[in-house]
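Residues per chain are reported as follows:
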Amino acid sequence: MVREIQENELEQLLELYLHLHESSVPQMSEQLAQAWDSIINDKNHHVIVCEVDGVIVSSCVCVVIPNLTRGVRPYAFVENVVTHADYRGRGYATRVLDYAKGIAEAAGCYKMMLLTGSKEQKTLDFYKNAGYNSTDKTAFIQWL
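Attention here is on the structure that accompanies the text. The numbers attached to residues start from 1 for each chain and follow its sequence in the written order. Local features in this predicted model are restricted to residues of pLDDT 70 or higher, and side-chain atom pairs are both shown and tallied only at a pLDDT of 80 or more, whereas totals for entire chains, interfaces and linings draw on every residue. The basis for the side-chain values is all heavy atoms of the structure; hydrogens and waters are excluded.

1. What about the nonpolar core?
Definition in use: Buried Ala, Val, Leu, Ile, Met, Phe, Trp, Tyr and Cys residues that are joined via side-chain atoms within 4.5 Å together make up what is termed a nonpolar core. Relative accessibility decides the category of a residue: with a 1.4 Å probe and only protein chains considered, values under 20% of the type maximum give buried, values over 50% give exposed, and everything between is partly exposed. Comment: elements are numbered from the N terminus, with helices defined as DSSP H or I runs of at least four residues and strands as E runs of at least two. It only takes one pair of heavy atoms within 4.5 Å for two residues to be counted as in contact.
Counting 22 residues, the largest nonpolar core has I48, C50, C60, V78, V81 and L97 as its most contacted members. Per-element accounting of this core gives the leading share, 7 residues, to helix α3 (residues 92-106). Sequence-distant contacts of I48, that is, excluding residues within four places in its chain, are made with V2, R3, E4, S58, S59, C60, C62, V96, Y99, A100 and I103. L10, Y17, V47 and V82 belong to the second-largest nonpolar core, a separate cluster that totals 13 residues.

In structure tokens form, the structure reads like this:
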């Protein structure tokens, strides 16, 4: 089942992020609680999950960003695309990305963007097969 995350599922999400790039689950802190509260209560911030047998196995974040150009149409940014290592190759990430696309379309977005740090061809092919391309724009990142 693909759906938006529920407020009480933060711990499961943080465990899933161990399969993204995190090395440990952060301790509950005031900063973490405030960040989660901000995310879960933001109508433009969507944490999408795929649940299999009661376990969250895949997720992505889709943020709809208001915009003053392109006919005042928003755009969507996708981040933190992850699938638990034991569940990869079964289409779960494709399903969460499709759900994100539905959110973006419903919001009237004119484009969706995502970045990946992966250089693995299978990951790049996955994003291409999901409808993304790497030819229209050039991304620059400044780490802070």
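2. Quick word on the sheet that holds strand β1 (residues 2-4)
What counts here: If DSSP finds at least two bridges between two strands, the strands pair. Convention adopted: a line fitted to C-alpha atoms gives each axis, helices being fitted over their contacting stretch, and angles between N-to-C directions are expressed from 0 to 180 degrees.
Strand order in the open sheet formed by 5 strands is β1-β2-β3-β4-β5, with mixed pairing between adjacent strands. If you trace the sheet from one side to the other, it starts and ends with β1 and β5 (112-114), each paired once. Recorded for the sheet is a direction-independent mean angle of 30° between the axes of neighbouring strands. Across the face of the sheet, α3 comes into contact with β1, β2 (45-52), β3 (55-65), β4 (75-83) and β5 while running at roughly 25° to β3.

3. Here we look at unusual backbone geometry
With phi around 60°, V72 is a residue other than glycine that occupies positive phi space. Turning to its location among the elements, V72 is positioned in the loop between β3 and β4. Judged by relative accessible area, V72 falls into the exposed class, the value being 57%. Non-glycine residue N80 carries a positive phi angle of around 55°. Summarising the element assignment, N80 is placed in strand β4.

Everything listed here is a matter of geometry and, on its own, says nothing about what the molecule does.
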